[in-house]
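# Descriptive analysis of the structure
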Protein chains: 2
Amino acid sequence: MASQTEENYLKALFNLANSAGEVNISELSTQLQVSMPTVNSMVKTLQKNGWVIYQKYKPVQLTPAGQKTAAMVIRQHRLTEMFLVNKMGFGWEEVHAIAEQVEHIHAPKFFERMDELLGYPTIDPHGSPIPDKMGRMKETHYVSLADCEAGQNVVLAALTNSSTDFLEFLNSRNLSLGTQIAIHSKEAYDQSMVVSYLENSKETLSEKVCEKLLVRIIGE
Amino acid sequence: MASQTEENYLKALFNLANSAGEVNISELSTQLQVSMPTVNSMVKTLQKNGWVIYQKYKPVQLTPAGQKTAAMVIRQHRLTEMFLVNKMGFGWEEVHAIAEQVEHIHAPKFFERMDELLGYPTIDPHGSPIPDKMGRMKETHYVSLADCEAGQNVVLAALTNSSTDFLEFLNSRNLSLGTQIAIHSKEAYDQSMVVSYLENSKETLSEKVCEKLLVRIIGE
DNA sequence: CAGTTTTGTTAGACTAATCTAACTTATTAC
DNA sequence: GTAATAAGTTAGATTAGTCTAACAAAACTG
Ligand SMILES: [Mn+2]
Ligand SMILES: [Mn+2]
Ligand SMILES: [Mn+2]
Ligand SMILES: [Mn+2]
């Protein structure tokens, strides 16, 4: 059974993997906030335990077992976030830190019950997909609001970043998943956008914000 | 902040403390299933961190800080058990192992929300008292069924042991907290008791079982 | 109270996870 | 294609939590 530390490495590997499934030591080091020698030594341990494939000076790759375990931890994280929001009344900006801890609980039935009580959700409160029990997750094909054009109508579907600060910013602007947004204009100078949604009309969103909003286009 | 290991030692100390608040090294060793040298070394660490008072060859005592932290961990354990049973549909025999893990989550709001959703319960699914946020818990004064007399009517209020095996035994006999029990007779030879409750009439309960059932006497 | 048993301590070793300092390999930039 | 920079590795140390073996103190017991 993977230790809590190992689980965190597997999760990071899963999230950082490029199209070839490869992750560099330095990326892991940054993501997990530990030194490169620590990563180097841990990666050897992960290999010894069958979670990754690794050769000196080469990027790291998850084995199928590693992928499965990583997906389950991510599943438990996202189910927990969903449970906290939908069943316990937390705000979407409060749940990540709690889920970081709850995801490591070893009790399959606990998460099965959450899943059941939630009605088998496929996305978490931030729009990220929840892997199923086989570790598979639904493909999503959202586009960044920053890449949309003036005149388009879109629906906010997910976020590329779910930091508390960003979520609190969205709360303050009354923006949540499912909000329908009309794009009025896009400023050529700084790429900021003027948009309307709900009661908010002609709100300006900076490029920094638009980049992090993933949307589904529903019309011109 | 106490580590998960430290929290388990504090909890054990709280539960094992005699009337003078003292616990022997060997009791801790047995309870926690670690060697006496391990306990000896850990107790020194606990003292260094201000959780216990300790002198060579003397029993260990929790400091006020130690008592408070222990009570909070026990509170989180019991709230979790209650939440799992009342809000998530688990059986009372399934929840202890999960609660052993959940109790170590550092997220006061998580447990506050449980408490709120449960309506501020004062006992857990096994009848054990839940410490309040100050670490105080309601005094209970139950008596063991084994100490009752033939002819008495009692209500099952709590258990001295909540092992899965024992709880499954009680399930098989249709016994749960709140069940009203009439005592018909007590066998002088083996201290077993013949009792009736609900649809079960003239059930025989061994001394071993009766000792573990805590009851409130409601009449002759 | 002397002998035995139980309880507790010390010493020394091990594993997991981390660090810093120093060195090596690989990549990037003229 | 060398020189500089970035990425990765090795070596050695540290801390938390555990163990066994050996010894010491305390508690029982006849
Ligand atoms: Mn999250
Ligand atoms: Mn999320
Ligand atoms: Mn319990
Ligand atoms: Mn309980």
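As a reminder, the structure under discussion sits directly above these lines.
### A closer look at the protein's contact with DNA strand D
- The environment of DNA strand D is formed by 20 residues, the closest being S26, N40 and Y54 of chain A together with S3 and T38 of chain B.
- Backbone atoms, meaning sugar and phosphate, form 73% of the atoms of DNA strand D found within 4 Å of the protein.
- For DNA strand D, a phosphate oxygen lies 3.3 Å from a polar atom in the side chain of Y9 of chain B.
- The separation between a phosphate oxygen of DNA strand D and a polar main-chain atom of S35 of chain B is 2.9 Å.
- Mapped onto the surface near DNA strand D, the elements with two or more residues apiece are α2 (25–32) and α3 (36–48) of chain A together with α1 (4–16) and α3 (36–48) of chain B.
- Here the surface near DNA strand D is composed, by residue class, of 10 nonpolar, eight polar and two charged.

### Focus: the packing of aromatic side chains
- For the structure shown, the criterion picks out three aromatic pairs over all chains.
- Taken together, a centroid distance of 6.3 Å and an interplanar angle of 85 degrees make the contact between F83 of chain A and F83 of chain B edge-to-face. One end of the pair, F83 of chain A, is in helix α4 (residues 64–86); the other, F83 of chain B, is in helix α4 (residues 64–86), on a second chain.
- For F83 of chain A, a relative accessible area of 4% puts it in the buried group.
- Aromatic side chains F110 of chain B and F111 of chain B sit 5.1 Å apart centroid to centroid with 65 degrees between the ring planes, which places their arrangement in the edge-to-face category. By the burial criterion, F110 of chain B is buried, and F111 of chain B matches it.

### Comments concerning the interface of chain A and chain B
- Contact residues are listed per partner, giving 19 residues for chain A and 19 residues for chain B.
- Taken together, both faces of the contact between chain A and chain B bury some 1,500 Å²; the carbon and sulfur share is 69%.
- It is M88, Q101 and F110 of chain A in chain A that bury the most area against chain B; as a group they hold 36% of the surface buried on that side.
- Seen at the junction of chain A and chain B, the total is two salt bridges.
- Our enumeration of links across chain A and chain B arrives at six residue pairs in polar contact (both at pLDDT 80 or more).

### Quick notes on the nonpolar core
- Counting residues in hydrophobic clusters, the biggest one holds 32 residues, and the most contacted among them are M88, I105 and F110 of chain A together with M88, I105 and F110 of chain B.
- Those elements giving two or more residues to this core turn out to be α4, α5 (95–102) and α6 (108–118) of chain A together with α4, α5 (95–102) and α6 (108–118) of chain B.
- Once residues lying within four places of it in the same chain are set aside, the contact partners of M88 of chain A are F83 of chain A together with F83, F110, R113, M114 and L117 of chain B.

### A short note on the protein's contact with DNA strand C
- Taken together, 20 residues lie around DNA strand C, and S3 and T38 of chain A together with S26, N40 and Y54 of chain B are the ones closest in.
- Close to the protein, within 4 Å, the atoms of DNA strand C belong to sugar or phosphate groups at a rate of 72%.
- Between DNA strand C and the protein, one listed contact pairs a phosphate oxygen with a side-chain N or O atom of Y9 of chain A at 3.4 Å.
- Between DNA strand C and K44 of chain B there is a distance of 2.7 Å, counted from a phosphate oxygen to a side-chain nitrogen or oxygen.
- Secondary-structure elements contributing two or more residues to the surface near DNA strand C are α1 (4–16) and α3 of chain A together with α2 (25–32) and α3 of chain B.
- For the surface near DNA strand C, the per-class residue count stands at 10 nonpolar, eight polar and two charged.

The rules we used
Residues numbered from 1 in each chain as written. Chains lettered and ligands numbered in written order. Predicted model: local features only at pLDDT ≥ 70, side-chain atom pairs only at ≥ 80, totals over all residues. Heavy atoms only, no water. Near = heavy atom within 4 Å. Polar contact = N/O pair within 3.5 Å; in protein donor to acceptor, adjacent residues only side chain to side chain. Helix = DSSP H or I, 4+ residues; strand = E, 2+ residues; numbered from the N terminus. Nonpolar A, V, L, I, M, F, W, Y, C, P; charged D, E, K, R; others polar. Phe/Tyr/Trp six-rings, centres within 6.5 Å; stacked < 30°, edge-to-face > 60°. Buried < 20%, exposed > 50% of the residue type's maximum accessible area, 1.4 Å probe, protein only. Contact = heavy atoms within 4.5 Å. Buried area = accessible area lost by both parts, 1.4 Å probe. Salt bridge = Lys/Arg side-chain N within 4 Å of Asp/Glu carboxyl O. Core = buried A, V, L, I, M, F, W, Y, C linked by side-chain atoms within 4.5 Å.

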